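Given next are the chains, with one letter for each unit.
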Amino acid sequence: MKTSVPSITLNDGHTIPQLGFGVFKVEPTETKRIVSDALRVGYRHLDTAAIYGNEQGVGDAIATSGIDRGELYVTTKLWNARQGDALDAFDESLEKLGLDYVDLYLIHWPAPANGRFVDAWKSLEKIRESGRARSIGVSNFEEAHLQRLLAETEVVPAVNQIELHPAHQQQKVTEFARRKGIAIEAWGPLGQGKYPLFEETVVAVAAEAHDKTPAQVVIRWHLQTGNIVFPKSNSRERMAENFDVLDFALSDSEVAAISGLERSGRMGGHPNDVN
Ligand SMILES: NC(=O)c1ccc[n+]([C@@H]2O[C@H](COP(=O)([O-])OP(=O)(O)OC[C@H]3O[C@@H](n4cnc5c(N)ncnc54)[C@H](OP(=O)(O)O)[C@@H]3O)[C@@H](O)[C@H]2O)c1
């Protein structure tokens, strides 16, 4: 069985490693150490955001890693309050990261009450044109928000990064996005630890059957259902556990049983309410 991280080809021709490492809620002062650990474990795809306040730590870890820039995949995101000056916000992110380009730049939330996401997207189109973001995408977009971008702008987002885990699979927006060639990134892939996902019988039984942990089974479910994921952990042990998912496969019936855990279990904010 293939044991390297699989890649997904985006609608702009660039490829993205399907498994990465996220740094939401990683303390800025701890970020360099934690991301350095993640790179030593083997992760090459890092997901941060301006609002996390830890882009500098991510950049410091990259700078001291000795890993070629071309081997890394780095995503950051435009915060809602900066949708009106996305070009400046992007420059600030790039400077904190110490990079001359990012692989993927996202609008973090549509924040529809502000009425600016279409203009922000036009700025992201310019950033992509300049080569300083290889790919551009969105996050937390509902079908209606995607419809507006598709109708009013030129570039189809490469990804939509949305809350997605077994209890909240967002079938409607996921199916719409995939039909339009937009890849799905699943944030909160482990349910952010906010509900007893690992105790669900179907997860526990699959873990036992494959001699893996429940977290590994859930990450495997994401990979096999086509999601791009970047689970977060402060612990090097759990980072390694979450990365060690490439040497086994769930059966179709195990995947279906985990998909059966859907119950509209949103853990984070609704995209229409986060401003
Ligand atoms: N676009 C957005 O709006 C948005 C929103 C949220 C997140 N994200 C992105 O998605 C990434 C992942 O989501 P997330 O961090 O919110 O949630 P997550 O990855 O689903 O869950 C992280 C939680 O699970 C725990 N955990 C990790 N591995 C574990 C394991 N093997 N066994 C048991 N517990 C484990 C972590 O604790 P320890 O640290 O103690 O291990 C942490 O409490 C973020 O880091 C961020 O990059 C994006």
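Residues numbered from 1 in each chain as written. Predicted model: local features only at pLDDT ≥ 70, side-chain atom pairs only at ≥ 80, totals over all residues. Heavy atoms only, no water.

### Concerning the pattern of salt bridges
- In this structure the tally under the stated criterion is 15 salt bridges.
- Linking Lys-212 and Asp-247 is a salt bridge whose minimum nitrogen-to-oxygen distance equals 3.0 Å. Within this pair, whereas Lys-212 is found in the loop between helix 7 (201-210) and helix 8 (214-224), its partner Asp-247 is found in the loop between helix 9 (236-243) and helix 10 (252-259), the two being separated by 35 residues in sequence.
- Residue classification places Asp-247 among the partly exposed residues on the basis of a relative accessible area of 42%.
- Taken together, the shared-partner salt bridges connect Glu-30, Arg-33, Asp-37, Arg-40 and Arg-236 into one network. (Salt bridge = Lys/Arg side-chain N within 4 Å of Asp/Glu carboxyl O. Helix = DSSP H or I, 4+ residues; strand = E, 2+ residues; numbered from the N terminus. Buried < 20%, exposed > 50% of the residue type's maximum accessible area, 1.4 Å probe, protein only.)

### Section: empty space enclosed by the protein
- Using the criterion set out here, one finds 1 cavity of 30 Å³ or more in the structure.
- Empty space within the largest cavity amounts to approximately 50 Å³.
- In terms of lining residues, the largest cavity is bounded by Trp-109, Asn-140, Phe-141, Glu-142, Ile-162, Glu-163, Gln-170, Trp-187, Arg-266, Gly-269 and Pro-271.
- By residue class, the composition of the lining of the largest cavity is 5 nonpolar, 3 polar and 3 charged. (1 Å grid on protein atoms, 1.4 Å probe; cavity = no way out; pocket = protein on both sides within 12 Å on 5 of 7 lines; lining within 4 Å. Points joined across faces, edges and corners; volume = space filled by probe spheres on them. Nonpolar A, V, L, I, M, F, W, Y, C, P; charged D, E, K, R; others polar.)

### Some words on the sheet that holds strand 5 (residues 73-78)
- Spatially, the 8 strands line up as an open sheet ordered 3-4-5-6-7-8-9-10, and their pairing is parallel. Strands with a single pairing partner mark the edges of an open sheet, and in this sheet they are strand 3 (21-22) and strand 10 (228-229).
- Bridge count for strand 4 (residues 45-47) against strand 5 is 3 bridges, and the pairing is parallel. Of the residues in strand 5, the one forming a bridge with Leu-46 is Val-74. (Pairing = 2+ DSSP bridges.)

### Let's talk about unusual backbone geometry
- In the Ramachandran plot, Gln-170 falls in the positive-phi region, its phi being about 50° despite a non-glycine side chain.
- Along the chain, Gln-170 falls in the loop between strand 8 (159-163) and helix 6 (171-179).
- Taking relative accessible area as the criterion, Gln-170 reaches 13% and is therefore assigned buried.
- One non-glycine residue, Gln-192, lies in the positive phi region at around 55°.
- Its place among the elements puts Gln-192 in the loop between strand 9 (183-187) and helix 7.
- Under the relative-accessibility criterion, Gln-192 is labelled partly exposed at 32%.

### Quick word on the site of the ligand
- Around the ligand, a shell composed of 27 residues is seen, among which Asp-47, Leu-190, Gln-192, Ser-233 and Arg-238 lie nearest.
- At 3.2 Å, a backbone N or O of Val-23 approaches an oxygen atom of the ligand.
- Protein contacts shield 86% of the accessible area of the ligand, which totals 890 Å² for the unbound molecule.
- Of all the cavities here, the one that holds the ligand is the largest pocket.
- In terms of residue class, the shell around the ligand is built from 11 nonpolar, 11 polar and 5 charged. (Near = heavy atom within 4 Å. Polar contact = N/O pair within 3.5 Å; in protein donor to acceptor, adjacent residues only side chain to side chain. Areas by Shrake-Rupley, 256 points an atom, 1.4 Å probe, with all protein chains shown as cover. Sits in = over half its atoms within 2 Å of the grid points.)

### Points about helix 6
- The complete set of buried residues in helix 6 reads Val-173, Thr-174, Phe-176 and Ala-177. With its buried residues spanning 165° around the axis, helix 6 presents them on a single face. Set apart from the buried face of helix 6 by more than 90 degrees, the exposed residues are Gln-171, Lys-172 and Arg-179.
- On the buried face of helix 6, the contacting elements are helix 5 (143-152), strand 8 and strand 9.
- Trailing helix 6 by a residue or two, Gly-181 shows a phi angle of about 85°, which is positive. (Arc of directions from axis to C-beta. Contact = heavy atoms within 4.5 Å.)

### A few points about the pairing of strand 6 (residues 102-107)
- Counting buried residues along strand 6, 6 of its 6 residues qualify, which places the element largely inside the surrounding structure.
- As paired elements, strand 5 and strand 6 share 4 bridges and run parallel to each other. Of the residues in strand 6, the one forming a bridge with Lys-77 is Leu-106.
- Strand direction decides the pairing type here: strand 6 and strand 7 (residues 133-139), joined by 5 bridges, are parallel. Paired with Ile-107 across the strands is Val-138, a residue of strand 7.

### Some thoughts on a positive patch on the surface
- A cluster of basic residues, Lys-25, Lys-194, Lys-232 and Arg-238, forms a positive patch on the protein surface.
- Mapping Lys-25 onto the fold places it in the loop between strand 3 and helix 1 (28-41).
- Using a relative accessible area of 62% as the deciding quantity, one classes Lys-25 as exposed. (Patch = residues over 30% accessible without salt bridge, like charges linked within 9 Å, V, L, I, M, F, W, Y side chains within 5 Å. Lys, Arg positive; Asp, Glu negative; His and termini not counted. Charge placed at Lys NZ, Arg CZ, Asp CG, Glu CD.)

### Some words on the packing of aromatic side chains
- For the structure shown, the criterion picks out 6 aromatic pairs.
- Ring centres of Tyr-43 and Phe-243 lie 4.7 Å apart, and the angle between their planes is 55°; this geometry places the pair in the tilted category. Of this pair, Tyr-43 sits in the loop between helix 1 and strand 4 while Phe-243 is found in helix 9, placing the two residues 200 residues apart along the sequence. Phe-243 carries the same exposure label as Tyr-43, and that label is buried. (Phe/Tyr/Trp six-rings, centres within 6.5 Å; stacked < 30°, edge-to-face > 60°.)

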